[in-house]
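The chain contents come next:
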Amino acid sequence: MSGVKLLATGSALPQHVVTNHDLEQIMDTSDEWITSRTGIGARHHCTGEESHTSLCLEAAKKALERSGVKAEEIGVCLVATLTPDFLTPATACVLQKELGLEHDTVCFDLNAACSGFVYALHTAQCLLAAAGRKYALVLGAEVLSRVIDSGDRSTYVLFGDGAGAAVLEWREDYPSIHAVLGCRGDDQVLTIPGVNKGVPAVVHMDGQGVFRFAVEALPHCAREVAQKAGISLEDVDRFVFHQANQRIINFAVKKLGVDPAKCTGNIAHTANTSAASVPILLDELMEKGEIKSGDKVLCVGFGGGLTWGGALLEVAQRREGDTK
Ligand code: ACO
(Lines give C-alpha, C1' and ligand atoms only; values in the text may rest on other atoms or scores of the structure.)
Protein backbone atom coordinates (compact mmCIF):
# COMPACT_ATOMS: atom_id res chain seq x y z
CA MET A 1 0.00 0.00 0.00
CA SER A 2 1.02 3.63 -0.43
CA GLY A 3 -0.77 6.58 -1.92
CA VAL A 4 -2.18 10.05 -1.44
CA LYS A 5 -5.18 11.49 0.36
CA LEU A 6 -6.77 14.91 -0.03
CA LEU A 7 -5.95 17.39 2.74
CA ALA A 8 -7.58 20.58 1.48
CA THR A 9 -8.80 22.46 -1.56
CA GLY A 10 -9.18 26.01 -2.83
CA SER A 11 -10.67 27.65 -5.91
CA ALA A 12 -10.97 30.97 -7.69
CA LEU A 13 -13.48 32.31 -10.20
CA PRO A 14 -13.20 35.64 -12.03
CA GLN A 15 -15.42 38.47 -10.77
CA HIS A 16 -17.21 39.06 -14.07
CA VAL A 17 -20.28 36.86 -14.59
CA VAL A 18 -21.68 36.43 -18.11
CA THR A 19 -25.26 35.15 -17.98
CA ASN A 20 -27.20 33.52 -20.79
CA HIS A 21 -29.25 36.72 -20.97
CA ASP A 22 -26.02 38.69 -21.54
CA LEU A 23 -25.21 36.36 -24.45
CA GLU A 24 -28.67 36.91 -25.94
CA GLN A 25 -27.58 40.55 -26.42
CA ILE A 26 -24.49 39.70 -28.49
CA MET A 27 -25.43 36.57 -30.48
CA ASP A 28 -28.36 34.62 -31.88
CA THR A 29 -29.03 32.41 -28.88
CA SER A 30 -31.47 32.08 -25.99
CA ASP A 31 -31.42 31.24 -22.32
CA GLU A 32 -33.94 28.49 -23.08
CA TRP A 33 -31.68 26.85 -25.73
CA ILE A 34 -28.58 26.95 -23.56
CA THR A 35 -30.25 25.82 -20.33
CA SER A 36 -32.22 22.99 -21.87
CA ARG A 37 -29.29 21.66 -23.97
CA THR A 38 -26.51 22.06 -21.37
CA GLY A 39 -27.71 23.06 -17.88
CA ILE A 40 -25.53 26.19 -18.08
CA GLY A 41 -26.99 29.45 -16.75
CA ALA A 42 -23.83 31.58 -16.43
CA ARG A 43 -20.05 31.50 -16.70
CA HIS A 44 -17.17 33.64 -15.37
CA HIS A 45 -14.79 35.49 -17.71
CA CYS A 46 -11.48 37.09 -16.73
CA THR A 47 -11.33 40.86 -17.14
CA GLY A 48 -8.87 43.62 -16.23
CA GLU A 49 -5.96 42.41 -14.13
CA GLU A 50 -7.29 38.87 -13.77
CA SER A 51 -5.32 36.14 -15.50
CA HIS A 52 -4.64 32.41 -15.47
CA THR A 53 -1.77 33.09 -13.08
CA SER A 54 -3.83 35.24 -10.69
CA LEU A 55 -6.59 32.60 -10.51
CA CYS A 56 -4.01 29.87 -9.83
CA LEU A 57 -2.35 31.90 -7.09
CA GLU A 58 -5.65 32.62 -5.36
CA ALA A 59 -6.77 28.96 -5.48
CA ALA A 60 -3.34 27.65 -4.40
CA LYS A 61 -3.05 30.06 -1.45
CA LYS A 62 -6.48 29.03 -0.15
CA ALA A 63 -5.68 25.32 -0.46
CA LEU A 64 -2.30 25.70 1.25
CA GLU A 65 -3.71 27.77 4.08
CA ARG A 66 -6.58 25.33 4.72
CA SER A 67 -4.20 22.35 4.65
CA GLY A 68 -1.80 23.82 7.19
CA VAL A 69 1.06 22.58 4.99
CA LYS A 70 3.87 25.10 4.61
CA ALA A 71 5.04 26.15 1.16
CA GLU A 72 8.50 24.71 1.85
CA GLU A 73 6.99 21.27 2.54
CA ILE A 74 5.56 20.96 -1.00
CA GLY A 75 7.61 18.49 -3.07
CA VAL A 76 5.55 18.49 -6.27
CA CYS A 77 3.56 21.30 -7.93
CA LEU A 78 1.53 20.49 -11.04
CA VAL A 79 -0.88 22.61 -13.07
CA ALA A 80 -3.25 20.92 -15.52
CA THR A 81 -4.21 23.39 -18.23
CA LEU A 82 -4.53 24.05 -21.94
CA THR A 83 -4.76 27.85 -21.59
CA PRO A 84 -1.71 29.02 -19.57
CA ASP A 85 -0.59 32.67 -19.67
CA PHE A 86 2.82 31.51 -20.92
CA LEU A 87 3.96 28.33 -22.65
CA THR A 88 7.15 28.95 -20.74
CA PRO A 89 7.65 29.57 -17.87
CA ALA A 90 5.06 26.96 -16.96
CA THR A 91 2.41 28.21 -14.53
CA ALA A 92 3.78 25.74 -11.96
CA CYS A 93 7.17 27.51 -12.18
CA VAL A 94 5.51 30.89 -11.60
CA LEU A 95 3.78 29.38 -8.55
CA GLN A 96 7.16 28.12 -7.28
CA LYS A 97 8.40 31.71 -7.25
CA GLU A 98 5.25 33.44 -6.01
CA LEU A 99 4.42 30.92 -3.27
CA GLY A 100 8.04 30.47 -2.17
CA LEU A 101 8.23 26.73 -2.89
CA GLU A 102 11.69 25.17 -2.48
CA HIS A 103 14.00 24.99 -5.51
CA ASP A 104 13.93 21.19 -5.50
CA THR A 105 10.13 21.13 -5.96
CA VAL A 106 9.14 19.28 -9.16
CA CYS A 107 7.11 21.92 -11.08
CA PHE A 108 5.47 21.56 -14.48
CA ASP A 109 2.21 22.04 -16.38
CA LEU A 110 0.47 19.19 -18.14
CA ASN A 111 -2.21 19.14 -20.82
CA ALA A 112 -4.78 16.37 -20.94
CA ALA A 113 -7.64 18.82 -21.63
CA CYS A 114 -10.69 18.21 -19.42
CA SER A 115 -9.11 15.07 -17.92
CA GLY A 116 -6.01 17.05 -16.91
CA PHE A 117 -6.66 17.36 -13.18
CA VAL A 118 -7.12 13.60 -12.76
CA TYR A 119 -3.97 12.97 -14.83
CA ALA A 120 -2.19 15.39 -12.49
CA LEU A 121 -3.46 13.62 -9.35
CA HIS A 122 -2.01 10.35 -10.61
CA THR A 123 1.25 11.97 -11.72
CA ALA A 124 1.63 13.66 -8.32
CA GLN A 125 1.07 10.37 -6.49
CA CYS A 126 3.76 8.67 -8.61
CA LEU A 127 6.23 11.55 -8.22
CA LEU A 128 5.80 11.82 -4.45
CA ALA A 129 6.42 8.08 -4.09
CA ALA A 130 9.49 8.24 -6.34
CA ALA A 131 10.97 11.36 -4.74
CA GLY A 132 10.22 10.40 -1.14
CA ARG A 133 8.38 13.69 -0.63
CA LYS A 134 5.21 14.10 1.41
CA TYR A 135 3.04 16.86 -0.03
CA ALA A 136 1.87 17.93 -3.49
CA LEU A 137 0.01 20.99 -4.73
CA VAL A 138 -2.12 20.08 -7.75
CA LEU A 139 -4.18 22.54 -9.78
CA GLY A 140 -6.53 22.58 -12.74
CA ALA A 141 -6.97 26.04 -14.26
CA GLU A 142 -8.29 27.56 -17.48
CA VAL A 143 -9.01 30.88 -19.13
CA LEU A 144 -11.14 29.43 -21.90
CA SER A 145 -12.66 32.86 -22.66
CA ARG A 146 -9.41 33.44 -24.60
CA VAL A 147 -9.98 30.52 -26.97
CA ILE A 148 -13.67 30.81 -27.79
CA ASP A 149 -14.90 32.47 -30.95
CA SER A 150 -17.80 34.89 -30.40
CA GLY A 151 -18.77 34.14 -34.02
CA ASP A 152 -19.50 30.49 -33.11
CA ARG A 153 -22.59 30.28 -30.90
CA SER A 154 -22.37 26.49 -30.70
CA THR A 155 -19.13 26.65 -28.65
CA TYR A 156 -19.02 30.21 -27.22
CA VAL A 157 -21.87 29.59 -24.78
CA LEU A 158 -20.32 26.44 -23.27
CA PHE A 159 -17.09 27.57 -21.63
CA GLY A 160 -15.91 29.58 -18.62
CA ASP A 161 -12.77 30.50 -16.66
CA GLY A 162 -11.59 29.40 -13.21
CA ALA A 163 -9.03 27.53 -11.14
CA GLY A 164 -9.12 24.81 -8.48
CA ALA A 165 -6.31 23.54 -6.26
CA ALA A 166 -5.76 20.54 -3.98
CA VAL A 167 -3.10 19.71 -1.41
CA LEU A 168 -2.30 15.99 -1.27
CA GLU A 169 -0.48 14.06 1.42
CA TRP A 170 1.48 10.90 0.53
CA ARG A 171 1.91 8.16 3.13
CA GLU A 172 2.98 4.55 3.01
CA ASP A 173 -0.18 3.45 4.81
CA TYR A 174 -2.55 5.37 2.52
CA PRO A 175 -4.30 3.53 -0.33
CA SER A 176 -3.57 4.37 -3.96
CA ILE A 177 -6.08 6.57 -5.79
CA HIS A 178 -6.46 3.69 -8.29
CA ALA A 179 -6.31 6.00 -11.28
CA VAL A 180 -7.66 4.83 -14.64
CA LEU A 181 -6.31 7.00 -17.47
CA GLY A 182 -6.82 6.59 -21.18
CA CYS A 183 -6.66 8.20 -24.60
CA ARG A 184 -8.14 7.58 -28.02
CA GLY A 185 -6.24 10.00 -30.25
CA ASP A 186 -8.63 12.06 -32.38
CA ASP A 187 -8.03 15.41 -34.11
CA GLN A 188 -11.54 15.84 -35.51
CA VAL A 189 -14.01 15.93 -32.63
CA LEU A 190 -12.44 18.62 -30.45
CA THR A 191 -9.44 20.79 -31.39
CA ILE A 192 -7.72 24.06 -30.50
CA PRO A 193 -4.90 24.87 -32.96
CA GLY A 194 -1.43 25.46 -31.51
CA VAL A 195 0.69 28.59 -31.94
CA ASN A 196 2.44 27.30 -35.07
CA LYS A 197 -0.59 26.79 -37.27
CA GLY A 198 -1.07 30.40 -38.38
CA VAL A 199 -4.79 30.20 -37.61
CA PRO A 200 -6.67 31.60 -34.61
CA ALA A 201 -6.37 29.39 -31.53
CA VAL A 202 -10.10 28.87 -30.99
CA VAL A 203 -12.16 25.82 -30.07
CA HIS A 204 -13.57 23.70 -32.89
CA MET A 205 -16.00 21.06 -31.74
CA ASP A 206 -18.29 18.43 -33.16
CA GLY A 207 -20.77 18.67 -30.26
CA GLN A 208 -22.59 15.45 -31.02
CA GLY A 209 -19.30 13.57 -31.47
CA VAL A 210 -18.17 14.74 -28.01
CA PHE A 211 -21.55 13.83 -26.57
CA ARG A 212 -21.39 10.26 -27.95
CA PHE A 213 -17.83 9.82 -26.65
CA ALA A 214 -18.61 11.26 -23.22
CA VAL A 215 -21.70 9.18 -22.42
CA GLU A 216 -19.61 6.03 -23.02
CA ALA A 217 -16.32 7.16 -21.45
CA LEU A 218 -17.69 8.60 -18.19
CA PRO A 219 -19.60 5.56 -16.86
CA HIS A 220 -16.99 3.12 -18.18
CA CYS A 221 -14.19 4.99 -16.41
CA ALA A 222 -16.13 5.29 -13.12
CA ARG A 223 -16.82 1.54 -13.10
CA GLU A 224 -13.17 0.71 -13.84
CA VAL A 225 -11.94 2.86 -10.95
CA ALA A 226 -14.33 1.18 -8.50
CA GLN A 227 -13.31 -2.25 -9.77
CA LYS A 228 -9.60 -1.43 -9.46
CA ALA A 229 -10.16 -0.14 -5.92
CA GLY A 230 -12.12 -3.29 -5.04
CA ILE A 231 -15.25 -1.40 -3.97
CA SER A 232 -18.80 -1.17 -5.21
CA LEU A 233 -20.17 2.10 -6.62
CA GLU A 234 -22.49 2.16 -3.60
CA ASP A 235 -19.44 2.51 -1.33
CA VAL A 236 -18.61 5.86 -2.96
CA ASP A 237 -19.67 8.85 -0.84
CA ARG A 238 -19.52 11.44 -3.62
CA PHE A 239 -19.02 11.53 -7.38
CA VAL A 240 -17.29 14.55 -8.89
CA PHE A 241 -17.75 14.48 -12.65
CA HIS A 242 -16.31 16.90 -15.19
CA GLN A 243 -18.93 19.61 -15.70
CA ALA A 244 -19.18 19.59 -19.51
CA ASN A 245 -22.91 19.28 -19.95
CA GLN A 246 -25.69 18.39 -17.50
CA ARG A 247 -27.25 16.05 -20.06
CA ILE A 248 -24.02 14.02 -20.30
CA ILE A 249 -23.96 13.72 -16.51
CA ASN A 250 -27.65 12.72 -16.36
CA PHE A 251 -27.03 9.96 -18.94
CA ALA A 252 -24.02 8.70 -17.00
CA VAL A 253 -25.78 8.73 -13.63
CA LYS A 254 -28.63 6.70 -15.10
CA LYS A 255 -26.24 4.22 -16.74
CA LEU A 256 -24.29 3.78 -13.52
CA GLY A 257 -27.46 3.40 -11.44
CA VAL A 258 -26.03 5.57 -8.65
CA ASP A 259 -27.89 8.02 -6.41
CA PRO A 260 -28.26 11.33 -8.35
CA ALA A 261 -28.01 13.21 -5.02
CA LYS A 262 -24.35 12.08 -4.83
CA CYS A 263 -23.63 13.48 -8.31
CA THR A 264 -24.85 17.07 -8.17
CA GLY A 265 -22.64 19.67 -9.81
CA ASN A 266 -22.09 23.37 -10.39
CA ILE A 267 -22.31 23.72 -14.18
CA ALA A 268 -25.24 26.14 -13.80
CA HIS A 269 -22.90 28.89 -12.59
CA THR A 270 -19.44 27.82 -13.84
CA ALA A 271 -20.14 26.35 -17.33
CA ASN A 272 -17.40 24.05 -18.65
CA THR A 273 -14.00 25.05 -17.23
CA SER A 274 -12.14 22.04 -18.69
CA ALA A 275 -9.22 21.01 -16.41
CA ALA A 276 -10.47 23.33 -13.67
CA SER A 277 -13.93 21.82 -13.47
CA VAL A 278 -13.23 18.82 -11.19
CA PRO A 279 -11.15 20.75 -8.60
CA ILE A 280 -13.53 23.74 -8.52
CA LEU A 281 -16.45 21.39 -7.82
CA LEU A 282 -14.39 19.47 -5.25
CA ASP A 283 -13.68 22.75 -3.45
CA GLU A 284 -17.31 23.91 -3.52
CA LEU A 285 -18.45 20.59 -2.04
CA MET A 286 -15.70 20.65 0.63
CA GLU A 287 -16.66 24.21 1.57
CA LYS A 288 -20.36 23.31 1.83
CA GLY A 289 -19.52 20.27 3.98
CA GLU A 290 -20.96 17.94 1.33
CA ILE A 291 -17.55 16.24 1.17
CA LYS A 292 -16.13 15.50 4.61
CA SER A 293 -13.13 14.00 6.29
CA GLY A 294 -12.92 10.26 5.51
CA ASP A 295 -15.17 10.42 2.42
CA LYS A 296 -14.38 8.41 -0.70
CA VAL A 297 -14.76 10.69 -3.73
CA LEU A 298 -14.78 9.24 -7.23
CA CYS A 299 -13.60 11.87 -9.72
CA VAL A 300 -13.91 11.48 -13.51
CA GLY A 301 -12.70 13.83 -16.24
CA PHE A 302 -13.18 13.35 -20.01
CA GLY A 303 -12.59 15.48 -23.04
CA GLY A 304 -10.16 16.72 -25.67
CA GLY A 305 -7.53 14.30 -26.89
CA LEU A 306 -9.77 12.40 -26.63
CA THR A 307 -8.83 11.57 -23.05
CA TRP A 308 -10.45 10.23 -19.91
CA GLY A 309 -9.29 9.85 -16.34
CA GLY A 310 -10.82 8.62 -13.11
CA ALA A 311 -9.53 8.31 -9.55
CA LEU A 312 -10.80 7.46 -6.09
CA LEU A 313 -9.68 10.27 -3.83
CA GLU A 314 -10.07 9.79 -0.11
CA VAL A 315 -10.27 12.82 2.18
CA ALA A 316 -7.72 12.52 5.00
CA GLN A 317 -9.14 11.94 8.49
CA ARG A 318 -8.33 14.69 10.91
CA ARG A 319 -6.10 13.24 13.58
CA GLU A 320 -5.89 13.97 17.30
CA GLY A 321 -3.79 17.10 17.79
CA ASP A 322 -4.07 18.19 14.13
CA THR A 323 -3.97 21.90 13.65
CA LYS A 324 -4.87 21.41 9.97
N1 ACO B 1 -28.09 28.93 -29.42
C2 ACO B 1 -29.11 28.63 -30.23
N3 ACO B 1 -29.03 27.69 -31.19
C4 ACO B 1 -27.87 27.04 -31.31
C5 ACO B 1 -26.76 27.30 -30.50
C6 ACO B 1 -26.90 28.30 -29.51
N7 ACO B 1 -25.92 28.62 -28.65
N8 ACO B 1 -25.75 26.49 -30.85
C9 ACO B 1 -26.20 25.73 -31.86
N10 ACO B 1 -27.47 26.07 -32.16
C11 ACO B 1 -28.35 25.51 -33.18
C12 ACO B 1 -27.58 24.88 -34.32
O13 ACO B 1 -27.18 25.87 -35.25
C14 ACO B 1 -28.62 23.95 -34.89
O15 ACO B 1 -29.51 24.69 -35.69
P16 ACO B 1 -30.10 24.08 -37.06
O17 ACO B 1 -30.89 22.87 -36.63
O18 ACO B 1 -30.92 25.18 -37.58
O19 ACO B 1 -28.90 23.73 -37.88
C20 ACO B 1 -29.39 23.48 -33.66
O21 ACO B 1 -29.10 24.44 -32.63
C22 ACO B 1 -29.00 22.11 -33.19
O23 ACO B 1 -27.57 22.04 -33.14
P24 ACO B 1 -26.84 20.77 -32.60
O25 ACO B 1 -25.37 21.00 -32.61
O26 ACO B 1 -27.37 19.57 -33.30
O27 ACO B 1 -27.38 20.78 -31.10
P28 ACO B 1 -27.29 19.67 -30.04
O29 ACO B 1 -28.64 19.33 -29.61
O30 ACO B 1 -26.37 18.57 -30.44
O31 ACO B 1 -26.60 20.45 -28.83
C32 ACO B 1 -24.44 20.70 -27.81
C33 ACO B 1 -25.29 21.01 -29.02
C34 ACO B 1 -25.07 21.35 -26.59
C35 ACO B 1 -23.05 21.27 -28.01
C36 ACO B 1 -24.43 19.18 -27.65
O37 ACO B 1 -24.05 18.55 -28.86
C38 ACO B 1 -23.50 18.77 -26.59
O39 ACO B 1 -23.73 19.01 -25.44
N40 ACO B 1 -22.39 18.10 -26.94
C41 ACO B 1 -21.39 17.77 -25.99
C42 ACO B 1 -20.34 18.76 -26.13
C43 ACO B 1 -19.73 19.20 -24.87
O44 ACO B 1 -20.18 18.96 -23.77
N45 ACO B 1 -18.63 19.85 -25.03
C46 ACO B 1 -17.95 20.38 -23.96
C47 ACO B 1 -16.56 20.61 -24.37
S48 ACO B 1 -15.69 19.22 -24.54
C49 ACO B 1 -15.43 18.62 -23.08
O50 ACO B 1 -15.44 19.28 -22.12
C51 ACO B 1 -15.32 17.26 -23.07
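**Q** Provide a residue-level description of the sheet that holds strand E6 (residues 135-143), including the pertinent values.
**A** What holds strands together in a sheet is hydrogen bonding between their backbones, with the strands either parallel or antiparallel. Across the sheet, 5 strands lie side by side as E1-E7-E6-E4-E5; this open sheet has mixed pairing. On the outer flanks of this sheet lie strand E1 (3-12) and strand E5 (106-110), each paired with one strand and no other. Pairs of neighbouring strands in the sheet enclose a mean axial angle of 15°, with direction left out of account. As paired elements, E1 and strand E7 (residues 161-171) share 9 bridges and run antiparallel to each other. When the bridges of E7 are listed, Lys5 appears paired with Glu169.

**Q** Outline the packing of aromatic side chains, listing residues and values.
**A** Enumeration according to the criterion identifies 3 aromatic pairs in this entry. Note on Phe211 and Phe251: the rings are 5.6 Å apart at their centroids and 90° apart in plane angle, and the pair reads as edge-to-face. You can see Phe211 sitting in helix H7 (residues 207-229) and its partner Phe251 sitting in helix H8 (residues 246-256), a full 40 residues away along the chain. Here Phe251 falls in the partly exposed class, since its relative accessible area comes to 46%. Pairing Phe239 with Phe241 gives two aromatic rings, centres 5.6 Å apart and planes at 35°, and the pair type is tilted. For the pair Phe239 and Phe241, a shared accessibility class is recorded, and that class is buried.

**Q** So, H7: which residues are in play, and what are the values?
**A** Every α-helix carries 3.6 residues per turn, so stepping three or four residues along brings you back to the same face. End to end, H7 covers 33 Å across 23 residues, agreeing with the expected 33 Å (1.5 Å per residue, within 8%). At the exit of H7 stands Gly230, carrying a positive phi of roughly 75°.

**Q** Mind laying out the layout of surface pockets, listing which residues take part and the relevant values?
**A** Of the pockets and cavities examined, the largest pocket occupies roughly 1,200 Å³. Phe159, Leu190, Thr191, Ile192 and Val203 are the residues nearest the centre of the largest pocket, which is lined by 49 residues in total. At the level of elements, helix H2 (31-38), E5, helix H6 (153-156), strand E9 (190-191), H7, H8 and strand E12 (296-303) are the ones that each hand at least two residues to the lining of the largest pocket. In terms of residue count, the dominant contributor to the lining of the largest pocket is H7 (4 residues).

**Q** Go over the pattern of salt bridges, please, and point to the residues and values.
**A** For the structure on display, the rule yields 13 salt bridges. For Glu287, the salt bridge goes to Arg66, with nearest N and O atoms at 3.5 Å. Here the residue Glu287 occupies a position in helix H10 (residues 277-287), and Arg66 occupies one in helix H3 (residues 52-67), the gap between them amounting to 221 residues. In this structure Arg66 comes out as partly exposed when scored by relative accessible area, which is 33%. Residue Glu290 pairs with Arg238 through a salt bridge whose shortest N-O separation is 3.5 Å. Residue Glu290 is found in the loop between H10 and E12, and its partner Arg238 is found in strand E11 (residues 238-241); the two are separated by 52 residues along the sequence. What makes Glu290 partly exposed here is its relative accessible area of 36%. Each of Arg66, Asp283 and Glu287 takes part in a single network of salt bridges with overlapping partners.

**Q** An account of unusual backbone geometry is requested, with residue identities and associated values reported.
**A** Here the residue pair Thr88 and Pro89 is connected by a cis peptide bond, since its omega of 0° sits within 30 degrees of zero. Considering the arrangement of structural elements, one finds Pro89 in the loop between strand E4 (74-80) and helix H4 (91-99). In this model, Gly305 is joined to Leu306 through a cis peptide bond whose omega is -10°. Located in the positive-phi region is Ala113, a residue other than glycine, with phi close to 50°. Among the structural elements, Ala113 can be located in the loop between E5 and helix H5 (116-131). Look at Ala113 and you get buried, because its relative accessible area is 9%.

**Q** Please give an account of the pairing of E6 that cites residues and values.
**A** Two faces, one strand: in a regular strand the side chains alternate between the faces of the sheet. Within E6, 9 of the 9 residues are buried, which leaves the element mostly enclosed by the surrounding structure. The alternating pattern of E6 places Tyr135, Leu137, Leu139, Ala141 and Val143 on one face and Ala136, Val138, Gly140 and Glu142 on the opposite face, and all of these are buried. Summarising the sheet, E4 and E6 pair through 6 bridges and their orientation is parallel. Bridge assignment links Ile74 to a residue of E6, and that residue is Tyr135. Relative to E7, E6 runs antiparallel, the two being bridged by 9 bridges. By the bridge assignment for E7, Leu139 is matched with Ala165.

**Q** A description of the site of the ligand should follow, citing residues and the corresponding values.
**A** Taken together, 23 residues surround the ligand, and among them Thr29, Arg37, Gln208, Asn245 and Asn272 come closest. Note that an oxygen atom of the ligand is positioned 3.3 Å from one of the side-chain N or O atoms of Trp33. Residue Arg153 places a side-chain N or O atom 3.0 Å away from an oxygen atom belonging to the ligand. Protein chains bury 74% of the 1,000 Å² of accessible surface belonging to the ligand in isolation.

Calculation notes
- Residues numbered from 1 in each chain as written.
- Predicted model: local features only at pLDDT ≥ 70, side-chain atom pairs only at ≥ 80, totals over all residues.
- Heavy atoms only, no water.
- Pairing = 2+ DSSP bridges.
- Helix = DSSP H or I, 4+ residues; strand = E, 2+ residues; numbered from the N terminus.
- Axes fitted to C-alpha atoms, helices over the stretch in contact; angles between N-to-C directions.
- Phe/Tyr/Trp six-rings, centres within 6.5 Å; stacked < 30°, edge-to-face > 60°.
- Buried < 20%, exposed > 50% of the residue type's maximum accessible area, 1.4 Å probe, protein only.
- Expected span 1.5 Å × (residues − 1).
- 1 Å grid on protein atoms, 1.4 Å probe; cavity = no way out; pocket = protein on both sides within 12 Å on 5 of 7 lines; lining within 4 Å.
- Points joined across faces, edges and corners; volume = space filled by probe spheres on them.
- Salt bridge = Lys/Arg side-chain N within 4 Å of Asp/Glu carboxyl O.
- Near = heavy atom within 4 Å.
- Polar contact = N/O pair within 3.5 Å; in protein donor to acceptor, adjacent residues only side chain to side chain.
- Areas by Shrake-Rupley, 256 points an atom, 1.4 Å probe, with all protein chains shown as cover.

Remember, this is a structural readout, not a statement about activity or role.
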